[in-house]
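A structural walkthrough
The residues making up each chain are set out below.
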Amino acid sequence: MRYNARELMHIASEKPSYLFDKEGVLVFREREHFWKNKAVNVERWCRLKGNLLFYMKSKNKFSSPLGVFVLERCTISSSTFPNPELSLKIQFELDPQVQYLTTLSQEERDAWLAALQNSSIEALRGRFESLRGTIMAKTGQDPVPGPEPPGLLNVNEPAERLGIHLHPDEPILELSLACSELITPRDDRRPNSYVQVSYVTPPGGFWTKHSQTEIIEATSTPLFMTTVVFTAGSRLTVNTRVKLSVWDVKDRATSTMYEIGSAMFPVKDIMHADDHRLHLPLKSSEGNTVGYITILSWELSDKTPMPISRSPSPSNKRVLAVDESLFEPVSSNAKYCSLSRDVVLKALYESTTTKTYRFPTTAGSTLSVQEFMAETKLSFHIPIQLLKILIDEEKQQVVELEDLGKLTPHWEQVRKSLLDHHLHLVHEYTEALHGLQTYRGPAFKASCLKEDKRFEFVPLNLHLQRMRVQLLEEEIDNVYDIVTVGAMAAHTLGFKQGGLKKLLSSHEDVYSPKGSGTSCSPGQSHSAKARDLLSSIQALKTQIMYYSESLMRSAKDLAPGDMRRALDSLTDKTRQLVTVCEDRLLDYAIHSLKAARPDYIATTPNDEGDSVTITTGTEDDPTAKWTWEGDSFKPKSSQSSWEDTLMNVDKSLDCIIKKVDQMTQQEPPANLINRTPKKGRKTSEWSEALYPLQQTLTQCVSLLTEKVQQSLTFLLLQETSCVSSRLQELQNRRDIVFSQALSAVVAGFITKLRTSLNDENFLRQLYLVGLLVHYESLLSPHADELGMLEDMVVGINDLRNVTFKIVPASSTSTHDLLPVLTGTRTGINVRIPLPPGLYGLLPAEIRSGMLLRIQPVLFTVGINEKATLAEKFGNTSLQEIVNIENFSRLNSYYEQYMEMMPAPADVDQPHQTRLAGLLQFLQNNVHIRKSKNVEILQQSAEICRRLNGVRVTGCKSAKDRTAMSVTLEQCTVLQLEHMMAPQIFTNALDCMRSEGCRRENTMKNIGSRKYAFHSLQLMAFPKNYRPPEGTYGNVQT
């Protein structure tokens, strides 16, 4: 570029601020010295004028100019790196370097982003055309006289006639590329070639880099498997020119390359060409022919060569014909859905990245493969809802502790300590909730933020990885989904003391007789049993209240039959309540609470050797104060015993039974049917006679449950008294891990449900057996990753307490289609709304409100150099135990599946490929000691797919090792299930790893399109888990 430096200096130094579009302080991320790779943050005063962004030497607004950015041929967007709320990035075309800028506030970030994005000539031209089109639509005349603008290659026109609008991410044109007769300066060397694709739409004068193919080594006739896709957001016209530049890569590690030659063509040529194929010569910079390139265009609705619409559009513009089935509204027939078009998936996912490939099969046909990667809004939506539940639960526990009444000084101190713990969690969770609710940024947590406390409840790098495979000759159209997520662990709390599994084991040792001797309750911990007992009693109380009201309504209506049925249910639930309350644990809790009262006097022997117990009640004690005298209850001044409380419930029920028996043995008097009592409402003599007895029963039940609540609350207080200092960290850690695990499983559940709504066997399996969720972990059982694995084991096990319920959605808006969480820590229910048209496809059992359960299993094998250290010098026992235990769970699920479901379709296959054979191989693998036995991961994943399960894969950050795993799984599926030619397996694997969606995932996380591996580290990896040369390097993780 030629420029006048003095003129630019003068413009940048102009004094009046109003001459500039925007100015202020921006933080630049720069290299400290040109010979150092370390980056530093530098504050500089910046001034924007038109498309020129000037930056000064310091943050002083009067400092001299240092440089200028010309904001053309670049992409400006928000960035998760280095700060997800304050950062933005400038990416210039044909330049691998990215300029990161950070503002001092979120408002400033939004203001700078808007100003920079609207500063280019292209942005001005776009606004001009938009305003011009709006005026033409309203007036019918062009406000700017001139030649007719070029017709748009706009697939939205046929879509608009159908009333549907294409999403900007929807693909509209696909190009397959192949080269032949490539010539290199040295005849003894064949090129390692790839094609770089750029385009320009007149009257614009700048080439926009669009995409590139994979590198094919050592051949003069490369056939590229990566195809080139243009989306609706590309805004192509018939005059758009496409440039194909062929490069020869001499050294992939150092990216040493040179351009062999290039070819250009307008889009209208490929539209009008016979068979929609072009064969163009490649010209070098000297004008010599250095080879040829062949372009084949494809229409994306049916993957056949693209037909041309010969009929003019309403605006006399030629458009690409599009299969109308693409624009069908969401219906029961839409089995395979676009992430950006389907109403359910669109509510969950955003920022979709798409890559396309074509692979040959052993039968001579071609597989069309689309790879998608999308962020999910559930990354923040689920933690926000869960935090609200946890805050309410902590507040309720504060109330329960305060309602215990007066205690001895020792227990008062213990209660105060526990209250401080709960109040601290309320404060911490409230701050976390506020931070997530006010967050404005990408819908995922980048790996560089794993230790950021603001996002500790958010899963790390959660994405959906989807592969769609089409083979129209055989009418094959399948999708395969994998949820990818980083280690579900409390990264902010560290792993010096280990993870949850180890911490919980040492916590339980406090209560065991083999512990340190400081046990504060008899035998083992009763916390879980106490909470279950309290939950059961509260549920029974609710049912008793309901049936007692039902009995009163029947008495008011003088309906003996209804009264008898209501009485039977009331009797059954009341008897159950009394039986549950006879539990020995509850009896122990009640006597423990008695002993903790300040005026309690223990039992002592008298002179004759008999026990004498002196117990006096306190005025504020809310326990039962009724006694049975004769044929009615009388209040008493002293506190009744636990046996008296249970007897009062029994006696009050007996009174109701006797009264109802008397009433139902005689017909109701006709003159008493509509008697008006003092309050003016119509009732009957039956209801008047039953009312005091019903009130007595409900009061006794309420007093009983209050006493149970107090006693079990004290029991929990008693058990936590000697570990309260550790309890806070344990509970906080477990909540963090559970939040991350829950977000991933909810995303997988909804996606699997939507994709399989037309599968009757899957829906039947869902309510009969439950949904299998398979977690694949690539963590190594060494150092910090061992602690992460310990966290994951407990977090995934806690998912057993999660249930799902599918409900009809009130509307199709995004807000109304997001899942809703209810319940407590001991039992979370996820309500999943579906639009009415889709909800009607569910079987009656699910529509009736049945709670659906999941069966999570975890298999883990470390594959990096840390796994080698663990195998040689450390301990891999946790990895082995986890795999053996989860095989048992998987096998149990399989047995239930075989018992409840029809026989699988693989009965005619050889034993080694049937489900039973795969399970046998997996059992053998989990019981043998073998270095980095990745067959465990591959076989368990295959079993999961056969059992219609949800696949979840992750490593520490779900970025590098995860990329190797999901691409390997995708290529394995293509070969085993779609007959991809085995001789191209390695090439397809390298193609997906070099140009696929997972390369973009590294860019989103750390600002670099390189996997965070180095050559020495990769020597420890299994062969199929190594990326191709040139795609990895030492980068920040």
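In short, a report on the structure. (Residues numbered from 1 in each chain as written. Predicted model: local features only at pLDDT ≥ 70, side-chain atom pairs only at ≥ 80, totals over all residues. Heavy atoms only, no water.)

With that out of the way, let us pick up helix H25 (residues 985-995). Along an α-helix, a turn takes 3.6 residues, which lines up residues three or four apart on a common side. Burial within H25 is extensive, with eight of its eleven residues counted as buried. Phe 985, Ala 988, Leu 989, Cys 991, Met 992, Arg 993, Ser 994 and Glu 995 are the residues of H25 that are buried. The elements touched by buried residues of H25 are strand E10 (208-212), strand E17 (349-360), strand E18 (366-376), strand E19 (463-471), helix H24 (961-978) and helix H26 (997-1006). (Buried < 20%, exposed > 50% of the residue type's maximum accessible area, 1.4 Å probe, protein only. Helix = DSSP H or I, 4+ residues; strand = E, 2+ residues; numbered from the N terminus. Contact = heavy atoms within 4.5 Å.)

What follows is about the nonpolar core. Of all hydrophobic cores here, the largest spans 84 residues; its most connected members are Leu 742, Leu 753 and Phe 804. No other element matches helix H15 (residues 724-755), which puts eleven residues into this core. Leu 742 has contacts with Ile 382, Leu 799, Val 802, Leu 821, Ile 828 and Val 830, leaving out every residue within four places of it along the chain. Listed in part, the 55 residues of the second largest apolar core include Ile 476, Tyr 480, Ile 943 and Tyr 1011. (Core = buried A, V, L, I, M, F, W, Y, C linked by side-chain atoms within 4.5 Å.)

It is worth spelling out the sheet that holds strand E27 (residues 820-824) at this point. Taking strand neighbours across the sheet as the criterion, the ten strands line up as E17-E18-E19-E20-E30-E25-E29-E26-E28-E27 in an open arrangement whose pairing is mixed. Each edge of the open sheet is held by one strand with a lone partner, namely E17 and E27. Taken over all neighbouring pairs, the strand axes of this sheet differ in orientation by 25° on average, direction set aside. Relative to strand E29 (residues 852-860), strand E26 (residues 802-808) is paired through two bridges, and the arrangement is antiparallel. What sits directly across from Phe 804, in E29, is Leu 852. With respect to the sheet, helix H21 (residues 877-900) is in contact with strand E25 (771-777) and E29, its orientation differing from that of E29 by roughly 145°. Along the sheet, H26 contacts E17, E18, E19 and strand E20 (476-484); its crossing angle with E18, the most-contacted strand, is approximately 20°. (Pairing = 2+ DSSP bridges. Axes fitted to C-alpha atoms, helices over the stretch in contact; angles between N-to-C directions.)

With that out of the way, let us pick up the side chain of Glu 14. Note that Glu 14 resides in the loop between helix H1 (5-12) and strand E1 (22-31). Of note is the side chain of Glu 14, whose polar atom sits 3.1 Å from the side chain of Lys 49. Apart from residues lying up to four places away in sequence, Glu 14 is in contact with Leu 19, Phe 20, Arg 47 and Lys 49. (Polar contact = N/O pair within 3.5 Å; in protein donor to acceptor, adjacent residues only side chain to side chain.)

Tallied over the full model, the rule gives 16 aromatic pairs. Aromatic side chains Phe 28 and Phe 69 sit 6.4 Å apart centroid to centroid with 10° between the ring planes, which places their arrangement in the stacked category. With a gap of 41 residues between them, Phe 28 in strand E1 and Phe 69 in strand E4 (residues 65-70) connect regions that are remote in the sequence. Judged by relative accessible area, Phe 28 falls into the buried class, the value being 1%. Residue Phe 69 is classed as buried on the basis of its relative accessible area, which comes to 14%. An aromatic cluster of three or more residues is present, and its members are Phe 28, Tyr 55, Phe 69 and Phe 92. Above the ring of Phe 20, the side-chain terminus of Lys 49 is found at 5.7 Å from the ring centroid. Directly above the ring of Phe 762 sits Lys 752, whose terminal nitrogen or CZ lies 5.7 Å from the centroid. (Phe/Tyr/Trp six-rings, centres within 6.5 Å; stacked < 30°, edge-to-face > 60°. Lys NZ or Arg CZ within 6 Å of the ring centre and 35° of its normal.)

Inspection of the secondary structure assignment puts Thr 353 in strand E17. Ignoring any residue separated from it by four or fewer positions in sequence, one finds Thr 353 in contact with Glu 371, Phe 372, Met 373, Cys 997 and Glu 1000.

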